[in-house]
Each structure stands twice: as structure tokens, then as C-alpha cells.
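Chain and residue survey
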Amino acid sequence: MPAADGTVADGAGRPEPNHGLRIFLLWLPVALVADLLIWFVWGPHLPPGAMSTSAATQQSAIKIMSVMAAPVMALVLVYGAYALVVWRHREGDDEDGPPIHGNTRVSVTWIGVTSVIVLSLAVFGTVELAGPAGAGAGEGNTPIWRPSGGTPLQVQVIGQQWRWTYRYPQFGGFETTSLMLPVGENVQFNITSLDVIHSFWAYQLGVKADANPDINNVAYTKPEHTGQVQVRCAELCGLWHADMTTVGQVVSLSAFNAWTATARTQLAALTKELPPYTLTYDPNAVAQLGKVFQKAGLSGAGGGFYGSQYPVQP
Amino acid sequence: MSLAARVTTLIVAVLAVVGGVIFVVAHYLLGGPPTVDFAAATSGQVNVTMQTDASSDPATVPDHPTWVSYFIKSPASGSWVHTTLFQVPAHTRVNVTILGYDGSTPVRNQVWGQVSGTTGGVADYGGKPVKTVNGWNGPYLIQHTFAIPSLNLSVPVEAGPATCTTGPCTNNQHSTTTFSFMTPAQPGAYRWQCFVPCGLSYLDGNGGPMQTFGYMTGNMQVVS
Amino acid sequence: MAIDMQPESDRQPGREPGGREPDAPPPPARPWWRRPAVHTALAGAVIGYLLGHLLGNVIAGQYSQVVNSGQNDYAIVLGYVLGTLGWLAGLGVFSDLLRQMTGRPVHATEEARDASAGLARYFRYSLDHKVVGLQYLVGMIGFFLTGGLLAMAIRTELLSPSYHVFSSATYTAIVGEHGTMMMMMMSSLILGPLGNYLLPLMIGSKRMAFPRIEALSFWLTPAAYIVLLSGLMFGGFPFGWTGYAPLSVQATQGADAYAVAFGIMGISLILLGFNIIVTVICYRAPGMHWGRLPIFVWAMLTTSFLMVLAAPVLVGAMYMLITDRTVQTAFFTDDLGGSSYLWENLFWFFGHPEVYILALPGFGVVSEILPVFCRKPLFGYKVAAAGMVGVTLLSFFVWQHHLFDSGINPDMRPVFMLTTELISIPTGFIFLVAMGTFWKAKIRFTVPMLFALGFYFNFLIGGISGVYLSDVPADTTEHGTFFVMAHFHYTIMGGLIFAFMAGLYYWLPKMMGIRLNQTLGKIHFWTMFVFFNATFLPLFAVGMAGQPRRVYTYARSLETLNDWVSISSFLLGVSILIFVFNFVYSTVIARVHEEGNPWNSRGLEWQVSSPPPPGNFARVPVVLSGPYEYGVKDAPPVADLDPPLGVISNAYAAAAAEGAEV
Amino acid sequence: MSETATPPPGTPDLPALTRESEEANFFHEAALNATWTGVRLAVGALSFAFGCFVFAYFYLRSLNSHGMWHPAGVKGPQPWAGAVIMALVVVSALVQYVGLTRIKASKKGAWQASAVLALVLGLAAIGLQVWELLNLHFFPGSSGFSSVFVGATPVFVIVVLAAMIWLETLIMRVRVIPAISFVEQPPTYAEAFAVQRFQASLSAFTVLWNYLAVVAIVFWVLFYLTA
């Protein structure tokens, strides 16, 4: 057996090096440096930032998982690189490798370590989910993780093809196309849709919840800094899905109060026409439909897909 | 098989596949409505006249004559073009006149009964300025909305007195909705759409014409 | 007909009751244009489509929703269904069934003649598993290239956030076609070609269990392909491959193409998996016990279980979508007692196993190739097999991780988070197996090995990024963004496609007797590997920065990254073109023959000549040792290819006696 | 291999073992096993297909969105039709099963008669179900229940139709097999193979048909008894 660079043992030559130790020594600095970089350099800038409690939770979750993933990834890569360099086939060596069919100790260790990592991740994820009131994710209509304290600010998010509107039930129930939130207050988003499934994604707030027709989906957050919030739709909802964006604002409490007072007066005429505030809206239940029908030829309320069988059709 | 036979088979197969692809791509790219150009007529203001029709003449709109759709009056020829794409100059006042030949359809979300984003915050229904209408109850009934969401422009369009089903229509049985707005300085494509679910015979009224260019949605192309 | 019982009778001595005399001359051959093949199938499809369309118009032409909307979903769906049946009838799929129903014996004579015919047999309903394998191979490459072209179109549009090559309508249609083409047609990318061709060779059989079902499973795929693409002629479908209701109920006729095509492909998957499972269980050669099964066969077996059990739910969901769109049931309409959640649950109950339907065969291929080029036994064979079984079982219990933000069962999220993270344990086994096999190996960097190594690199990134998605808080930022998109492209494009390429370079000498050009292969690998990573690695960042999936426009600040990705993806396309050139050049023009065992492999499939003779083995082989005994001193040969009389009958007699006692 | 296992070929009546016959026997045995395995796998796949509708049934029922699962005003399908359809399928399965026990005692005629009866009963069930679907006195989308009913029953009809086609081929195939072959070994391999394959196919069909009878009962309970 030729020993080109001395790393491969031959019968009379140098002893087989301790490959395990070598790989460990190569891996250790790589993993350490990667983890330190992730924690101290990259971590504070990881998306989605720390503008709200839920965004901060997500940021820390991504950071901690990166810190756990980096050594694992480094181990596989360092091992792979070492193997490809050291255990590559040498010209003229036509013998097969050593017949190792397996190693129970190695397998059991591997399974044990991965199980521990995975289970701790699951526990960690659950704790993070429960901690800051659902971590900004949609929790359905009966949320089990709620913020402590009094009733949060209620903001209803209504998705429709292809725009978001917002209702503020605690301020007379006016409806507007702009999203305005006060800093430092708990916010409860009640998210619903009038037609198909959308997904309300307030990027900087770390809030994402599907807007389902006829279903109220609740998400909590608490903005901690003022600034702009990009709102997008994260579920393909038809032709103009990509354009279903708005820019929201997180402002001081006094500015928010001033805004609601103004909006309430300005939109008073419109608010009178709106249906009473509810958590979901039947897309085709149109008040005074018969009256509309009598006044002018009705063409296609609700599409008439189900014809006269539709319960709310005239 | 001989080399010649193999290569011949290969060439025939490649030609068949390429032909198929070209056919589909051509069908796809050559379709689509035309763009009406208002950018040429720059006299400080642009006048855009459109009409809505409950359904159309199969000769004019062979694809979906039963769908509700818009027509735009071409400034060059004065004829009605079946399209929802038009081109206007940037930072210019646009005066829009919409002739309503369609019957009434209630809005789904009453918030779209409010006029927003126009000059003066109003739209004129038959000459009367209006700020907010109830799309379910009158006194003005509405049929569609003309909305450019990125400009926060939204105008409910008044329902016509009769339903014209042979678009483009030229009789006087129509409502008239007029409003003005300023085009933005930034050139690009600005989508406009209708927020009244008016796709008759589609689930919740939101399929078909609501999602197809040339009917109830389109692009306003702003050029510098 | 659920199960076709009648086996081939051409090799049986003696005469079957009611059958043809063994010595009688075969019936005279009909001229080629009268024999069922692709051209008669196309004719059947056209006739069927027109018939179905006519029928639909007669049934539903007067319904108000048809008259008003100007579309007739009944006519389209019936056209597709009858067109598919006509396609199959034109191929002669039903002729044996009709013969059985009228009490005539099944005649396999024409198929037997086709086995030795030239190119024409590849255009027929052939019952030879080697023919079906090659049909699948060419078909799958064609479907993959179509999907890839659509991907190029997507990246072209995303070059700029403001200038649009396509309209948003065209773009969503292209996205939907690309996603559906890749996720549904590629489900049988490995099991179709490599599975059908190699499985009997690897387990020492001359055939698959149900040759007619095998051929049927292939011939449904071109039908699904044509139906899916025909959706473009109706304006496409605007809801991606997931088809979330009610968007898919309200869409125009393109949605019918989606539902019918996906349904047809689902049936094809069921049939493919069904046949493979039965073949593995019942057709193993004597001595090929479970502990000697090649790891690739384990992968195929577990994948097939996923196909057979998950795909029926897909077919059911597609069927419900069709009934909602035609006869106006209200499965997915909330106002009428349905639920949009029902679709999400049913779709992902299939959709998550589907992900492993795509991934598991890749694990199998690379694990199979690794020992050959490491010249060592596979490390932890049992761990590898157990990992595949574990993935199979767990994959049925993770589907709600696609719905973390949807509001469905929010209190169940910790459970699904746990199951999702648990599944990474058996998935991790493939890395344990690979690292163990590398230990003190003699790694040979051939083209198949390069692709296998590329697989491990890509799948590592894909797998680790999957852990982020399983965690609900992290997933809230990542769900529905390009991060998810990058993640599953790493597992599918970087995993499945790299494994497929590895398998193709490795087994093509076996399947065609032709070796692909190795220099071009190396160029292909390096360009594909580099540009694949250049394309998809930045997409993680793009997604994290807030770009949702399936958008034709995006934030201006992301333009540089998107341009980088687009240009890389075009170069990735060029590398696929290098592959296509290599494939065509090597198989059609240069044709360097390779008849022996070029990789010096111990696989049973390499113990016969290339391509294998009709019937694969001269005698039923008796397997003597496992397939990975590299470096084992005095290991017995893999199999006795010419066992003495009596050995085989002892094996099956014992098995039969054992069965009789049960 | 429960019902189909006959003594393996190679008994003294048959010609001596040759390489060809050994191989033919091997693949013959594999084919019998494949039939046994295949039908059980098919039952598994069908269970997931029907399970899809059962899931929809219970899911929509528990959600009861807008109170529209099965509102009081909306009629259901006719109870008598459901009971008759279920009874036809169950009786057909029973008749066929009884016939199967007779064929094992070489009473081929008894099985033939029972199989024809089972076929007629099964086709009658299909016919009645189709008639019911064509004469619904409610609209398919009028409630969650009506949707599941209108969606699920055609699937069941299609599967039953496939089973009936299979039964028909069995009836055609059995004609050429002598009754004595079911108790005594036929003189040639080919004939022995044909008999054993028929038996394997028949027992597989019985598994499927009995399973479908159970499905018929489940659907009857869901759609007519507890709706």
C-alpha cells in the first residue's frame, strides 16, 4: 500500500494517525468562531429586527437556532473536507477499503446527540411560542397564549382582493386603508378576509397570520419602537397578490390618539354606512339587498355561482 | 439504426418540440389587450373617457362576451377600444369620465363607497359632487369602483339607468361619473382594479373579469 | 379493473385452458399504422376530448352559471377525462381487459414481438419493464426541461421590480405551471425510470409484478403533462401548485387543467408505488432476504408506501375541487357549510409525504453509489433502512407545519413542531451513513460520485434550513417567503435532481449500454453545483429580507440580490443544457459502448451484461451475499447466476409451505 | 396465501422438474403471492381514498360553519334508497362468499350461480345509486352534508363498478376450468397454474368485495343513519 504523504498507514511504516482527534481539532475553532460571529456580530442584525416583542422573539429564535446549527453544519463540512482530502483514492492503489459494516457505539452516540438537540429545540420553540403571546403568529379565533394586562388595542385587519383595510372598534369602529399603531401598547390583530385566503404579514412587527374568509385569526404583538412597518400579503391570492402592500406606522401614544380623533371625525359619514363591527363578515350578506334589486337590475352580487340556492341571495 | 437515421429522428423530434413550444408561447405573448396612448396629447391635462358594459357584442369581444368589461375611447380615432390598459404622462392632471352602461352591484366592503384620492376628494355623479355613497342603499347606486390602490385613488362608479348588453354602447341610457386626479411623478405601471365583486357566475363574484386584463382590471402606464 | 391477475403466458410450457395452441403460428402482424401506439392514442385522445366536450355542453349548456360566465367547466372536465380515457384506449390499454371480460384468453404475443422490435416499441404500451424504464427516463427529462424553461421565465421577470416582461396574470400562470410541473411530474423522477428499470435487476427478477399497471403508470404521465400545459391556453391558473381554495374554486378554466392533471398524476403515482411494493415483497430472488436488499430498494419501497397511501388523498382532494367547480358542491365554501381549511388539511396531508416522495429516492441513490466509489461497505446498513422507514412513518404526522400561521388548531402547533423536528433524526441518518462510509475509504471522484457529494452538500443546507422552518417563532418570519422557496429547492433541486444525475451517470451504461461522456459530465457537475448554490443561497437572504413567494414585483432594495440570482439561474440553465447536449451526444451521436461492469460494482444488476438481455437473468439467480461487501476478505460472490436444479424450487416450496401454515 | 395455497407443483402427477418448469414455478408462486399482497395493498389505498371523504364528513360536521352542516330545512337523500343500496352490496358480498365456500368443495356450479347473483345485485346497487344521484331533491351545494354526499357516493359507485368488472371476468374465466380441478391436481403445469391463478384472483376479489361491503355499511351509517 503506497503511503504518498504518510497519512495512510502501511504495514511497516508510521502508525495510523488519530483521525478523530484531528477532525475534532479542525472543527473546534471553526465552530467556535462561527458561533461567536453569529451571536455577537450577525445576531443583532438578524431579521426581522427588534421593533416589537414578537419580532424580537423571532430574531432570538433565529439567532439561537443558528448558534445550534452552525457547529452541526461545521462538523459535517469539516469531516467531509477532511475525508475527501485524506481518504481519497491514490493512483495505483486498487485495493478496497477496510470492511467496516457499522459501529454501534458511533450510531448510538449520533442518534443520542441528534435526539437531544432536536428535543431541546422543540422545547425551546414551545417556550418561545408561549412566552410573548404566540410570537406574532396567527392563533385562530380562540388564542391560548394572550398578553397579560388589560384589553389590548383591537385592530381588525380585513383582507380582500387586493387590498388591506383596518377597523378600530374601540374608536367608533371606523375603517381605513392606513395602519397606525401606538408604541408600547399591546395590540390584538383580528384578521379576516372577505373572499380568498390572504396572509397578513407586518414584516418589522414580526406578525404573520392567514386571513381566511369567515374566520377570525388572532395575532398579538407589542411595538417597542416607532417607525415604518411594511405590510405584505404572504399567501398567493390571485392576480395582484404582489401589489397587496401598504406601509403602516408605529407612532407615539399621543400621536396615535390624535390620529384616531381626527380619523374618527373625518370618517364619521363613512362609518355610519359600515355594517356593525363583527369578527367576521359574511361576504355576500348585503343589507337591503331586496331594495337594491328593486331599484336597478342587479348584476352579480356574490357572483351568483350557486344561483338561487345561495341562502343570502334574493 | 444507422447514424443518419438516429440523427434524423433526433432532428424531427426536436423540431416537433420546438414547434409546440413556439405555438404555445406565441399564443400566450401575442394575446392580450392593446394599450391606448394618452401620452401624445399633452396639453397640461388628459381627458380619459371610458364606459362599462354588462356584457358585450361577441363580434367586438370574442373571448368572453358575457363578461362585464370596460371600453376606453381612443383619443386618436375616437373609437371605443376593448382594453383596460392606457398610458398617461407623469405628473399630469387626468380628467376621467366613466359612462355607466351596467346595472347595480352592491359593494362588498362599504369602505369603497367613499371617494378618495381625487382632486377635491369628490366625484361628480351627473354633475353633482359626491363624497360618500352607500353602495347598498342609495340614494346613488353603484356598479363598480375605479381604484388605483397605490395612489390611494378609489371612486365608486354610479350605476346606469339601464343595462346595456351590446358593448360598446352608444345610446344615452347611461350614468356619468367624472373625477380628476394627478398622475405620480414616478414612471411605471400602476394597477387599477374594481373592488365590487362583479364576476357574474364566479364564486363570490371575484373570478373571471375581476382577474383578467381587458375586463375589470388593468394597468395605467405612467411615462415621463 | 383493480388488479390485473393474468400473467404473461408466452413463456409457459403447455396449453392454458381456452388458450392458443403453443405451436400455432402467431397471428399475422397488422400494418404499423393499425397497431396501437402513440398515433392511435392521440387520435383516441382527440376523439375522447371532443366527445366529452360535446357531452358537457349537452348536460350543462343551459345552466345559468355556464351561460353567464361564458365558460363550461363540465365540458372542459369531461373533455379532459374522456380524452385521457381515449388516449389509453388508443394505446390498447383496455384491449386485454375486454378480452378477459368476453372470456377470451389474453394474448401477449404482440407485446412479445415488441420486446425485440426497434425504436417503435418505445411508442407503444409495452409490458417490458426495461422499455417502460426508458420511456419514463425520456419523459421525465422532458417534463423537467419544460419546468426548467418556466423557471427561466420566472427569473427573467424578476430581473427588475419595475419593468415587466410579463403581465402579472402571465407571471402567476407561469409560476403555477412551473410549481405544478416540478412538484407533480417530478414525483416519479427516480422511481419511474431508475425504479422500473433497475428494481427487477436488483432483486433478481425477470419482471415487475404487474406489467400492465407498470405501463399504465407511465402512459398516464404524458396525458397529465398535456392536460396541465393546456391550462395555459385557458389563461393558466393563478394559485400556484398548492391550489388553495376558494381561490381555486373561483378561478377560470385553467383550474380544471390543474385539478385533472394533478388527479391523473396522483393515480399514476398510486399505480407506480403499488407495483413496486408488490414486486419487492413477492419477486425477490432466493437468498435476497430483507437484510441483503440494496439500500436503493429500501428507498423505493418506503417511497412507494408514501405514494400508495398519500396520493389517494390528493386524488380525493382534486376530485372535490372539480365537483365544487362543476356540480357546485360546497366542500370549500364556508357560507354553505364547507371550509377552506378542509382543502389545506387534505392537500398537505398529501403534500408533506409528497416532499419525502421526492427526497427518499435521492437518499437511496446516493447511499447506493457511495460504497461503490468509497470501496467500502455501506456504514450502518440497518440504520439507513431504519431511517427511511422512520421518515416514512413520521411524514404522515407533520402536515400541519405548513399551516402554522393559518389559524388551524393553534394549540396543536407544539405537537407538530415536535413531530417535524423529530423527523430530522431519521433524516440525519443519511449523513451518519455517509460519514461512516467515508471513514478510511478510498474515494474515487467519478462523475456519479461528484453528484452524490453535491447531493450531501446541498441537502445539508436544505435540511438545516428546514429546522428553522419547523420552529413556530422563526417560521412566522420565514413562512410564505423566498426562504421557504430556497429551502425546498435545496432539498428537491439540490437533493433529488443531483441524486438523479448521479444515478443517471452511474446506471446509464447499464440501461443503454452507453457511457455518458465523462469530461462533459465533469463540466456539467461543476457548473451545475456552482450555479445552483449561487442561485439559491442568496434566496434565503431575499426571503429573510421580506420578499414573499410568487410575486412579480418586489421591493427596490432587493433588486441587486434578485439580479444576481437571475443571472446565476440562467447559468444554471446553461449547465442543464450541457447535460442535455451530453445526453444527446453520447446516446445518439458518439455512442461509446460499455458492456461490462465499468464501476466494478457488486450490485446484482451489474452481474449481467449491459443492457440486460430479455428476461434479465438466464436463470433465477440465487443471492449469496449482500451487495456492499467491498474489502471483505473471502466474501462470496453476490449471486449464483446459474444455480443447480432444485435450489430454486426448494426456496419457493419452503416459502409456500410457510405461507400455507399461516 | 390462506385460501389459495394448494400443494406446490412438483407432486408426482406432474412431469419431472426441469430448469424451465422450475423457473415457471418460481414466477407462478410469486404471482400468487403478488395477488395476495396486491389486494391488501389496494384495500389500504382505497381506505385512504374513502378516508379522505370520511375526514371531510367529520371535519365539516364538527366545524358546522354558518350552521350549514345540515340545517333543518335542507332535506337529505331518501332513507329507503340508502338502505336498499347498502343491503344490495352486503347481500351480494354474502352470496358471493357463500358461493366461495362451495367452490372449494368442487361445486363450481354453485359458485357460478352465486357469482352471477352477486353481480346482478352489485349492478343493481350501482343503478339505484346513480338513479338517486340523478333525482336528488336537494341542491349539491345546499349544505356541507349534501356536498359530502354528492361527492363521496360517485367515488364509491366507480369502485364498485370496477369490482363488478373484475367479478365478471372471473365468471368468464371459470367456464373453461373443469370442476374437478378444484379438488384434484390437473395433469399439466399450465392447467394447474390457470386453476391456482383463478383461485388466487377469486380470493383476492373476495377480500375486496367484502371490504367494499363494510364501506357500504359505513357510508350508510354516515349518510342516512346519523346525518
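Fair warning: this is a prediction, and the values are worked out from it, not measured in the lab. (Residues numbered from 1 in each chain as written. Chains lettered and ligands numbered in written order. Predicted model: local features only at pLDDT ≥ 70, side-chain atom pairs only at ≥ 80, totals over all residues. Heavy atoms only, no water.)

**Regarding the arrangement of the chains**
Selection criterion: The contact definition used throughout considers only heavy atoms, calling two residues in contact when any of these lie within 4.5 Å.
Of all five pairs of chains in contact, the one with the most contacts involves chains A and C. With no contact formed, the shortest span from any C-alpha in chain B to any C-alpha in chain D equals 12 Å.

**What about the sheet that holds strand 8 (residues 217-221) of chain A?**
Residue and element names in this part refer to chain A. Rules: Two strands are counted as paired when DSSP detects at least two bridges linking them. Secondary structure is summarised from DSSP: a helix means a run of H or I of at least four residues, a strand means a run of E of at least two, and numbering begins at the N terminus for each. Note on geometry: axes are lines fitted to C-alpha atoms, helical ones only across the stretch in contact, with angles between N-to-C directions running from 0 to 180 degrees.
One open sheet accounts for five strands, arranged 3-2-1-5-8; its pairing is mixed. Strands at the two margins of the open sheet, each flanked by one partner only, are strand 3 (174-176) and strand 8. Taking each pair of neighbouring strands and ignoring which way they run, the sheet shows an average axis angle of 25°. Where strand 1 (residues 153-160) meets strand 5 (residues 187-193), seven bridges bridge the pair, whose relative direction is parallel. In the sheet register, Leu153 faces strand 5, and the bridge partner there is Val187. The sheet contacts of helix 4 (residues 253-266) involve strand 1, strand 2 (163-168) and strand 3, and relative to strand 3 the element is tilted by about 100°.

**Side note on helix 3 (residues 73-91) of chain C**
It helps to recall that an α-helix has 3.6 residues per turn; residues three or four apart then point in one direction. Residue and element names in this part refer to chain C. Quick reminder of the rule: To estimate how far a helix should extend, the number of its residues minus one is multiplied by 1.5 Å. Summary of the burial criterion: residues with accessible area below 20% of their type's maximum are buried, those above 50% are exposed, and those between are partly exposed, where the area comes from a 1.4 Å probe applied to protein chains only. N or O atoms closer than or at 3.5 Å make up a polar contact, with two conditions inside protein: a donor-capable atom paired with an acceptor-capable one, and, for residues adjacent in sequence, both atoms drawn from side chains.
Along its 19 residues, helix 3 runs 27 Å from first to last C-alpha, staying within 8% of the 27 Å computed at 1.5 Å per residue. With 14 of its 19 residues buried, helix 3 lies for the most part within the structure. The N-capping residue of helix 3, defined by a side-chain oxygen 3.1 Å from the backbone nitrogen of Tyr74, is Asn72. Just downstream of helix 3, Gly92 is the residue with a positive phi angle, here 90°.

**Overview of the nonpolar core**
Our working rule: Among buried residues, those of type Ala, Val, Leu, Ile, Met, Phe, Trp, Tyr and Cys that are joined through side-chain atoms within 4.5 Å constitute a nonpolar core.
Membership of the largest hydrophobic core comes to 380 residues, with the highest contact counts inside it found for Phe189 and Phe200 of chain A. In terms of residue count, helix 19 (residues 482-512) of chain C provides more of this core than any other element does, 22 residues in total. The residues touching Phe189 of chain A, leaving out its near neighbours within four places in the chain, are Val155, Val157, Leu179, Leu181, Phe200, Leu205, Val207, Asn217, Val218, Ala219 and Thr221 of chain A. Grouped together as the second largest cluster of nonpolar side chains are 39 residues, Val48, Val68, Ile142 and Val157 of chain B included.

**As for the pairing of strand 2 (residues 45-53) of chain B**
As paired elements, strand 2 of chain B and strand 6 (residues 93-101) of chain B share nine bridges and run parallel to each other. Its bridge partner lying in strand 6 of chain B, Gln51 of chain B is registered against Leu99 of chain B.

**Overview of the interface of chain C and chain A**
Threshold: Each of two parts loses accessible area, computed with a 1.4 Å probe, when they are put together; buried area is these two losses added. The salt bridge criterion pairs a side-chain nitrogen of Lys or Arg with a carboxyl oxygen of Asp or Glu, the two atoms within 4 Å. Here the term charged refers only to Asp, Glu, Lys and Arg, the term nonpolar to Ala, Val, Leu, Ile, Met, Phe, Trp, Tyr, Cys and Pro, and the term polar to all other amino acids, Gly among them.
Taken residue by residue, the interface counts 95 residues in chain C and 94 residues in chain A. Carbon and sulfur atoms make up 67% of the surface buried where chain C meets chain A, a total of about 7700 Å² over both sides. Linking chain C with chain A are five salt bridges, by the criterion used here. Applying the counting rule to chain C against chain A returns 27 residue pairs in polar contact (both at pLDDT 80 or more). Tallying contributions element by element places helix 16 (residues 424-438) of chain C first for the side of chain C that touches chain A, with nine residues. Residues of the side of chain C that touches chain A, tallied by class, amount to 50 nonpolar, 25 polar and 20 charged.

**Quick notes on the state of the cysteines**
Here is the idea: a disulfide is a covalent bond, and it sits between the sulfur atoms of two cysteines. Put simply, the rule is: Only a pair of cysteine sulfur atoms within 2.5 Å qualifies as a disulfide here.
All told, the structure shown has one disulfide over all chains when counted by the stated rule. Free cysteine Cys194 of chain B: the closest other cysteine sulfur is in Cys198 of chain B, separated by 4.0 Å.

**Some words on the environment of Pro193 of chain C**
Residue and element names in this part refer to chain C. Inspection of the secondary structure puts Pro193 in helix 8 (residues 191-203). We classify Pro193 as buried; its relative accessible area is 0%. Ignoring sequence-local partners within four residues, the contact set of Pro193 consists of Gly133, Tyr136, Leu137, Met140, Ser188, Phe500 and Met511.

**Looking at the packing of helix 19 of chain C against helix 20 (residues 518-544) of chain C**
Residues and elements named next belong to chain C. Put simply, the rule reads: The cut-offs work like this: below 35 degrees is roughly parallel, past 145 is roughly antiparallel, 65 to 115 is roughly perpendicular, and the gaps in between are oblique. The handedness criterion is simple: a crossing whose near helix is rotated anticlockwise from the far helix by less than a right angle is left-handed, and one whose near helix is rotated clockwise is right-handed.
Two elements in contact, helix 19 and helix 20, have axes separated by 8 Å at closest approach and are oriented at 165°. By the angle between their axes, helix 19 is roughly antiparallel relative to helix 20. For the crossing formed where helix 19 meets helix 20, the hand is left-handed. Grouping the constituent residues of the contact of helix 19 with helix 20 by class yields 20 nonpolar, seven polar and no charged.

**Quick word on the pairing of strand 13 (residues 217-223) of chain B**
A regular strand places its side chains so that they alternate between the two faces of the sheet. Residues and elements named next belong to chain B. Of all the seven residues making up strand 13, five are buried; the element is thus mostly covered by neighbouring parts of the structure. With four bridges joining them, strand 5 (residues 85-89) and strand 13 adopt parallel strand pairing. Bridge pairing in strand 13 links Gln87 to Gln221. Pairing between strand 12 (residues 188-193) and strand 13: six bridges, direction antiparallel.

**Observations regarding the sheet that holds strand 10 (residues 246-251) of chain A**
Residues and elements named next belong to chain A. If you trace the five strands from one edge of the open sheet to the other, you get 4-10-9-6-7, paired in mixed fashion. Each having just a single partner strand, strand 4 (180-182) and strand 7 (207-211) make up the two edges of the open sheet. Strand-to-strand twist across the sheet, computed as the mean angle between neighbouring axes with direction ignored, equals 20°. Across three bridges, the pairing between strand 4 and strand 10 is parallel. The residue bridging Pro182 from the neighbouring strand is Val251, located in strand 10.

**Examining the pattern of salt bridges**
With the rule as written, the count across this model stands at 13 salt bridges over all chains. Notably, a salt bridge pairs Asp96 of chain A with Arg375 of chain C, separated by 3.1 Å at the nearest N-O pair. Of this pair, Asp96 of chain A sits in the loop between helix 2 (53-86) and helix 3 (104-130) while Arg375 of chain C is found in the loop between helix 13 (340-374) and helix 14 (381-394), placing the two residues in two different chains. By relative accessible area, which is 27% here, Asp96 of chain A ends up partly exposed. Residue Arg375 of chain C is classed as buried on the basis of its relative accessible area, which comes to 5%. With a shortest N-O distance of 2.9 Å, Asp256 of chain C and Arg325 of chain C are connected by a salt bridge. With Asp256 of chain C in helix 11 (residues 254-282) and Arg325 of chain C in helix 12 (residues 295-325), this pair connects stretches of sequence that are 69 residues apart. Neither residue differs from the other here; Asp256 of chain C and Arg325 of chain C are each classed as buried. One salt-bridge network, in which partners are shared between bridges, spans Arg619 and Asp642 of chain C together with Arg19, Glu22 and Glu23 of chain D.

**Some thoughts on the confidence of the model for chain A**
Note: predicted coordinates in regions of low pLDDT should not be interpreted at a detailed level. Using the following cut-off: pLDDT runs from 0 to 100 and stands for how confident the predictor is about each residue.
With 87% of its residues at a pLDDT of at least 70, chain A reaches an overall mean of 86. Low pLDDT (under 50) marks residues 1-12 of chain A, which in the prediction has 18 contacts with non-local residues, meaning those over four places away or in another chain.

**A few points about the confidence of the model for chain D**
Mean pLDDT over chain D: 87, with 93% of residues reaching 70 or higher. Low confidence marks residues 1-7 of chain D, where pLDDT is under 50. Its contacts with residues over four positions away, or in another chain, come to 18 contacts.

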